[in-house]
Amino acid sequence: VIFIVGFNVFRSFKDTSSHIVNSLYKSDDRIYKNELGHDDQAMYDLLLDMSVKHQVIKKIDMDQFHCYDYEDCADVIHYAHQALMVDHPELMNYAGYSWHYSNGVFTLQLHPSYLLTYKDYYGVWKTEFILSKIEKATKDMSDKEKILYVYDWIGDHNTYDYYFTYTSKNQSIYNVFVKKNAVCAGFAKASTIIFSRIGIESYIVNGYSEDYHMWNIVKYEDKYYYFDSTAAVGFKKGSEHYYDGLKQEYMNDYSSYFPDWYPDVEI
């Protein structure tokens, strides 16, 4: 038992059946297709469209989403937001949102990782360059070696942003591959993108462990395990708390907000 804790970089967002954003990651839209109702899907489409177009503020008549009070409408936005983060880790600039509600109209505001559009293109180019090096380095590795490689790569190339932990400035893969300073959301998204390139099945998990947290599930020898690359950043090699990513008991208190979204994990 293993214990596991020069190309077209951008495409227009037109076909919501495929949701192709950039070259980094081809999403199967698993949550969008299998877990969301019609109104949640419509909000998911809106959030994705706003992010790709760098539209920060939008007034919305929430009647179109069939919710008629503050709590119901907030739930629609929150559920769509969580699903979008799981399905689309490749979004360079998507981080968080807020809203204001008055007389049936929501003012929805995205909080991006950065404001300058050119960073989308630079971020994708830089990430593709790094991914190509990782693919080459892991080409002849076993699956176990690949999983450990990703854990160590995240830890060796990044620091944890303790100063702005709860802001939108550190939540995306741009922070991991370009700035090398992020929090759990960035590390989990980056891990899934790397895994997708080196042939390891993985998922992003939104949940709770003492506080809000984001981590991964990885598949190894036909079983699924939790994997938390944030620990690799927080506890560097040589630290008494460094655990090399292979101790499932470290994560037995982790709780997913949406367990039905995932395969059963080994305990």
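About the thresholds
Residues numbered from 1 in each chain as written. Predicted model: local features only at pLDDT ≥ 70, side-chain atom pairs only at ≥ 80, totals over all residues. Heavy atoms only, no water. Helix = DSSP H or I, 4+ residues; strand = E, 2+ residues; numbered from the N terminus. Buried < 20%, exposed > 50% of the residue type's maximum accessible area, 1.4 Å probe, protein only. Areas by Shrake-Rupley, 256 points an atom, 1.4 Å probe, with all protein chains shown as cover. Polar contact = N/O pair within 3.5 Å; in protein donor to acceptor, adjacent residues only side chain to side chain. Core = buried A, V, L, I, M, F, W, Y, C linked by side-chain atoms within 4.5 Å. Salt bridge = Lys/Arg side-chain N within 4 Å of Asp/Glu carboxyl O. Pairing = 2+ DSSP bridges. Contact = heavy atoms within 4.5 Å. Axes fitted to C-alpha atoms, helices over the stretch in contact; angles between N-to-C directions. Expected span 1.5 Å × (residues − 1).

Even after reading the chapter, I still don't get the overall build of the chain, so can you show me in this structure?
Tallying secondary structure elements over the chain gives eight helices and nine strands in all. Scored against the burial criterion, the 267 residues of the chain give a buried share of 53%. On the chain, roughly 12,700 Å² of surface is accessible, and the fraction owed to carbon and sulfur atoms is 50%.

Hey, could you run me through the side chain of D228 in this one?
Mapping D228 onto the fold places it in the loop between β8 (223-227) and α8 (230-234). At 2.7 Å, the side chain of D228 and the side chain of Y254 are in polar contact.

What is the right way to look at the nonpolar core in this model?
Counting 45 residues, the largest nonpolar core has M43, L47, M62, Y94, L108 and I217 as its most contacted members. Mapped by element, the contributors of at least two residues to this core are α1 (30-34), α2 (38-52), α3 (70-87), β3 (105-111), α7 (184-198), β6 (202-209), β7 (211-220) and β8. In terms of residue count, α3 provides more of this core than any other element does, eight residues in total. Grouped together as the second largest cluster of nonpolar side chains are 33 residues, A190, A231, A232 and V233 included.

How should I be thinking about unusual backbone geometry in this particular structure?
Note on backbone geometry: most residues besides glycine have negative phi, and most peptide bonds are trans. The phi angle at D29 is positive, at roughly 50°, despite the residue not being glycine. Within the fold, D29 resides in the segment before α1. By relative accessible area, D29 is classed as buried at 1%.

Would you explain the pattern of salt bridges in this entry?
Any two side chains of opposite charge can pair if their charged atoms end up close together. Here the structure, examined in full by the defined rule, presents six salt bridges. In this structure, E135 engages R197 in a salt bridge whose closest nitrogen and oxygen atoms are separated by 3.7 Å. Note that E135 is positioned in helix α4 (residues 118-137) and R197 in helix α7, a separation of 62 residues in sequence. Owing to a relative accessible area of 32%, E135 belongs among the partly exposed residues under this scheme. Between D222 and K219 there is a salt bridge, and its shortest N-O distance comes to 3.9 Å. For D222, a relative accessible area of 66% puts it in the exposed group. Of the residues examined, K219 reaches a relative accessible area of 25% and is grouped as partly exposed. Overlapping salt bridges bring together E128, E135 and R197 as one network.

Sorry if this is basic, but what is going on with the sheet that holds β7 here?
The strands that make up a sheet are held in pairs by hydrogen bonds between backbone atoms, and each pair lies either parallel or antiparallel. Across the sheet, four strands lie side by side as β8-β7-β6-β9; this open sheet has antiparallel pairing. In this open sheet, the two edge strands, each paired with only one partner strand, are β8 and β9 (255-256). Both β7 and β8 contribute to a ladder of five bridges, which runs antiparallel. Looking at β8, one finds that V218 is bridged to Y225. Lying over the sheet, α3 contacts β6 and β7, oriented at roughly 135° with respect to β6.

Can you walk me through α3 in this structure?
Think of an α-helix as 3.6 residues a turn; residues three or four steps apart then line up on the same face. Between its first and last C-alpha, α3 extends 26 Å over 18 residues, near the 26 Å set by a 1.5 Å rise per residue. Taken as a whole, α3 has its buried residues at C73, A74, V76, I77, A80, H81, Q82, A83, L84, M85, V86 and D87. For α3, the capping residue at the N-terminal end is D69, with a side-chain oxygen 3.2 Å from the backbone nitrogen of E71.

Geometry only, nothing functional implied.
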